[in-house]
Amino acid sequence: MTAADAPGDTAPTPDPPPPAAYPAPAAYPAPWKGWAAVLAVALAIFCLITSELLPVGLLTPVGDALGVSDGTAGLMVTVPGLVAGLCAPLVTVGAGRLDRRLVLCVLIALTAAANLAAAVAPGFAVLLAARLLVGVGVGGFWALAGGLAVRLVPQRHVGRATALVFGGVPTASVLGVPAGTLLGELGGWRAAFGAVGVLGLLALAALLLLLPPLPPTRDITFRELPALLRGNRGVRAGVIVTFLVVTGQFAAYTFVRPVLQDVSGIDAAYVSTLLLGYGAAGVGGNFLAGARDAYRAVLVISSALTVVLGLIATLPGAAAGTALLLAWGLAYGGVSVSLQSWMIKAAPGAAEAATSLMVAMFNLAIAAGALAGGFAVDGIGAAAAPLTGAALMLVAAVTVSLTVMVRMPRATAADG
């Protein structure tokens, strides 16, 4: 029994369509080949998410060089997030009978080319067009990658392999962006985009060499996705909480550089170093959250971020800003793994469809957060960005408390 069958749900999660028209998947590759393929996919996801979030640490240099405000420069995060959110379900359904290996290679190649184009963009319009292509790659690849581990390693290793694949998401969020920021300060923002483009080509080579053929095993239809939302209370709650938490995060984090400089009074020369500290703290948060119940982990994370974002917007001083930034990284580091675990726990029989919904909302929320933060920064000031994030985190914490902590234990017990 799944969470959809718990008391209070009005419709069961639909059964997946029969896969009889598709050939059975090939036998698992040799153990070392399977794990090498898992690592290749993890590298590709790291590259993709780093590509999506790279402008976070480069807003001010890009804006100064191309003559746009920080708020307008934030569109470099908004546009790919919006496109990725739309492409996650579209690619998942549209891939149809295509070999997943081919689709994944095309998507990572597109992202690499987009980053290289951004590195030589003569103006902001061209740069924004390149960022649109990044969104296509991110949304499609992330959604399809969710179901790969079961086809690459034996069943007893699927959990570990899935964690490794999706470890590319928080690692990119908490390490890729700071590293890109540091490279941008050392060699210029164009060098940062160029380096991520080269990383994408390396990821493409790894996928071509290490991924086995991956013919589709079943269709996912557009009807299945809204049916899953209607019939599965856990998936519904997870999608809503994903929107609130991620929108709140990126309303604030997209503008972390001006916040640290204008509110905390931190010299621009130290921002990249501090973001590396944020990243290290985030890796620790990822491991801490991975060992916890997903629902309660999201409650703790959203509550902690409500406090941290509120304080970083109001407490001046470099010491306070530094301490709060590290606390911010520690808390947010557990978001991706907790939300992914939430969706798998809520819909174990429809994990690929549930993942595509989460990925769509995650990326739409990145766009919504960057856009909301941009309006707040341009209209009020840098401090308005983390305050907007804090308000959304508070709503998320209340939503988790009311929707999950009260109702989901019954569904979880039923699943057992």
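Residues numbered from 1 in each chain as written. Predicted model: local features only at pLDDT ≥ 70, side-chain atom pairs only at ≥ 80, totals over all residues. Heavy atoms only, no water.

(A) View of the overall build of the chain. Secondary structure assignment for the chain yields 20 helices and zero strands. Of all 416 residues assigned to the chain, the portion counted as buried reaches 56%. Across the chain, contacts joining residues at least 24 apart in sequence account for 88% of those joining residues at least 6 apart. Roughly 15300 Å² of accessible area belongs to the chain as shown, and the carbon and sulfur atoms make up 72% of that amount. (Helix = DSSP H or I, 4+ residues; strand = E, 2+ residues; numbered from the N terminus. Buried < 20%, exposed > 50% of the residue type's maximum accessible area, 1.4 Å probe, protein only. Contact = heavy atoms within 4.5 Å. Areas by Shrake-Rupley, 256 points an atom, 1.4 Å probe, with all protein chains shown as cover.)

(B) The packing of aromatic side chains, seen in detail. Taken as a whole, this structure holds eight aromatic pairs when the rule is applied. Summarising the aromatic geometry, the rings of F250 and Y253 are spaced 6.2 Å apart at their centres and angled 75° between planes, so their arrangement reads as edge-to-face. Taken as a pair, F250 and Y253 lie in helix α12 (residues 233-253) at a separation of three residues, close to a single helical turn. A connected cluster of aromatic rings, assembled from ring pairs, spans F250, Y253, Y278, W328 and Y332. (Phe/Tyr/Trp six-rings, centres within 6.5 Å; stacked < 30°, edge-to-face > 60°.)

(C) Quick look at the side chain of R131. Relative to the helices and strands, R131 is located in helix α6 (residues 124-145). Buried within the structure, R131 lacks any salt-bridge partner; E52 is the closest side chain of opposite charge, at an N-O distance of 6.8 Å. Contacts of R131, omitting those with residues within four sequence positions, involve S51, E52, L53, P55, M76, P80, N115 and F193. (Lys, Arg positive; Asp, Glu negative; His and termini not counted. Salt bridge = Lys/Arg side-chain N within 4 Å of Asp/Glu carboxyl O.)

(D) Inspection of the nonpolar core at higher detail. With 127 residues, the main nonpolar core has L127, F141 and W328 as its most contacted residues. At eleven residues, the largest contribution of residues to this core is made by helix α18 (residues 351-379). Excluding residues within four positions of it along the chain, W328 makes contact with Q249, A252, Y253, V256, Y278, L305, V308, L309 and I312. (Core = buried A, V, L, I, M, F, W, Y, C linked by side-chain atoms within 4.5 Å.)

(E) Structural detail: a nonpolar patch on the surface. Together, L82, L86, L90 and F222 make up an exposed nonpolar region whose accessible area comes to about 390 Å². Within the element layout of this structure, L90 appears in helix α4 (residues 75-94). Note on L90: relative accessible area 47%, which makes it partly exposed. (Patch = residues over 30% accessible without salt bridge, like charges linked within 9 Å, V, L, I, M, F, W, Y side chains within 5 Å.)

(F) Fine view of the environment of P80. Along the chain, P80 turns up in helix α4. Residue class for P80 comes out buried when judged on its relative accessible area of 0%. With 48 residues separating them along the chain, P80 and L128 place their C-alpha atoms 8.7 Å apart. When neighbours within four sequence positions are excluded, P80 is seen to be in contact with E52, L75, R131, V134 and G135.

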